Amino acid sequence: MGSLGFSRVQFPITVLLSCMFTLSSGSEMNFVTCGSVVKLLNVKHNVRLHSHDVRYGSGSGQQSVTGVTTAEDSNSYWSVRGTSDAACHRGTPVQCGQNIRLTHVNTGRNLHSHYFTSPLSSNQEVSAFGENGEGDHLDEWTVLCAGSVWQRDESVRFRHTSTEALLSVTGEQYGRPIHGQREVHGMMVSSSHSYWKTMEGVFMKPSQTGSRDFSIHTEF
């Protein structure tokens, strides 16, 4: 994938940075809420969902999405948001079966998929698309979990709403310029490659007053 090119894009991360002065307490909530900023770990391959200003050299040519083993990389933060048709108010628990968007914090592009072929495994390409958090209906993913709400310590799946492909990693590694990063793609069959868990992040707390309540979770 040596034909990948670089293009710089900017997106403010003030939500994340403004929260980093507070540490989570022992009473931190155990579910994921709208407005939270999280890192997502593929449970089987131990890589975090990641993006950056490197575009695919084939397929859609959109911003690439990969998996990385490094826990500290700021390019692995994603904001949990509602869809263009259904608002997701800050601090509201995400329901199992709910459609959401995952917006890459550093570039403002949404986790996206379509019927282009992924470059390494020839599965369904997953990319980052849009500007300043606004893309199209192909940015929507359904949270598949066991209970009523998305639990922070639960392994969940993300099904692409339009194509029904599951967000997956099967271990293929890129060469330069993103050497060692894993391909992230969509697969139609559910397997152990398709489970994700929240790790580090800023978790917005439910609030009846509209204040900016949050908790920080980190494993650094």
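Since this is a predicted model, take the numbers as computed values, not measurements.

Undergrad: Help me out: how do you make sense of the confidence of the model for the protein in this one?
TA: Atom-level detail of predicted coordinates should not be read off regions where pLDDT is low. Scored by pLDDT, the protein has a mean of 86; 81% of the residues are at 70 or more. In this model residues 208-216 is a low-confidence stretch, pLDDT under 50, and it forms 30 contacts with partners more than four residues away in sequence or in other chains.

Undergrad: Just checking my understanding: could you explain the state of the cysteines for this structure?
TA: A disulfide bridge is the covalent bond that connects two cysteines by way of their sulfur atoms. Overall, the coordinates contain 2 disulfides when judged by the stated rule. One disulfide in the model links cysteine 96 with cysteine 145; its S-S distance is 1.9 Å. Across the S-S bond of cysteine 96 and cysteine 145 the torsion is about -120°, and the bridge reads as left-handed. Residue cysteine 96 is found in the loop between strand 5 (78-81) and strand 6 (99-104), and its partner cysteine 145 is found in the loop between strand 9 (141-144) and strand 10 (157-160); the two are separated by 49 residues along the sequence. The pair formed by cysteine 96 and cysteine 145 is uniform in burial state, with each residue classed as buried. By sequence-ordered numbering of the bonded cysteines, the protein has its disulfides arranged as 1-2, 3-4.

Undergrad: Sorry if this is basic, but what is going on with the side chain of threonine 142 here?
TA: Mapping threonine 142 onto the fold places it in strand 9. A polar side-chain atom of threonine 142 sits 3.3 Å from a polar atom in the side chain of threonine 161. When residues no more than four places from it in sequence are discounted, the contact partners of threonine 142 are Gly97, Gln98, Asn99, Arg157, Phe158, Arg159 and Thr161.

Undergrad: I'm lost on the pattern of salt bridges in this one. Help?
TA: If charged atoms from side chains of opposite charge come close, those side chains can pair. Summed over the entire model, instances satisfying the criterion amount to 4 salt bridges. As a salt-bridge pair, glutamate 200 and arginine 48 come within 2.8 Å of each other at their nearest N and O atoms. With glutamate 200 in strand 13 (residues 196-204) and arginine 48 in strand 3 (residues 47-55), this residue pair connects regions lying 152 residues apart in the sequence. Classification of glutamate 200 by relative accessible area gives buried; the value is 1%. The buried category is assigned to arginine 48, whose relative accessible area is 7%. Measuring nitrogen to oxygen at the nearest pair gives 3.4 Å for the salt bridge that ties arginine 101 to glutamate 134. Here glutamate 134 lies in the loop between strand 8 (124-129) and strand 9 and arginine 101 lies in strand 6, a separation of 33 residues in the sequence.

Undergrad: Would you mind going over the nonpolar core with me for this structure?
TA: A general feature of soluble globular proteins is that nonpolar side chains tend to end up buried together. Counting 35 residues, the largest nonpolar core has Leu49, Val65, Leu111, Trp150, Phe158 and Leu167 as its most contacted members. When contributions to this core are tallied by element, the ones reaching two or more residues are strand 2 (37-42), strand 3, strand 5, strand 6, strand 8, strand 9, strand 11 (166-173) and strand 13. Ranked by the residues each element gives to this core, the list is headed by strand 3, at 3 residues. If we ignore the near neighbours within four places in the chain, the residues touching leucine 111 are Leu49, Val65, Trp78, Leu102, Val126, Ser127, Leu138, Asp139, Trp141 and Leu167. Among the nonpolar cores identified, the runner-up in size contains 5 residues, and Val37, Tyr77, Val202 and Met204 belong to it.

What counts, and at which threshold
Chains are numbered independently. Their residues run from 1 in the order of the written sequence. Only residues with pLDDT of at least 70 are given local features in this predicted model, and only at 80 or more are side-chain atom pairs given and counted; all residues enter the totals for whole chains, interfaces and linings. Remark: hydrogens and water are excluded; side-chain values derive from all non-hydrogen atoms of the structure. Per residue, pLDDT captures the predictor's confidence, and it can take any value from 0 to 100. Pairs of residues are marked as contacts when any of their non-hydrogen atoms sit within 4.5 Å. Cysteine sulfur atoms that pair up within 2.5 Å are treated as a disulfide. Numbering of helices and strands runs from the N terminus; a helix is a DSSP stretch of H or I covering at least four residues, while a strand is a stretch of E covering at least two. Type-normalised accessible area, obtained with a 1.4 Å probe on protein chains alone, sets the label of each residue: buried when under 20%, exposed when over 50%, and partly exposed for intermediate values. Between N or O atoms, a polar contact is any pair within 3.5 Å; within protein, one atom must be a potential hydrogen donor and the other a potential acceptor, and residues adjacent in sequence are included only when both atoms are from side chains. Just to be clear on terms, a salt bridge is a Lys or Arg side-chain nitrogen sitting within 4 Å of an Asp or Glu carboxyl oxygen. Side-chain atoms within 4.5 Å are what join buried Ala, Val, Leu, Ile, Met, Phe, Trp, Tyr and Cys residues into a set we call a nonpolar core.

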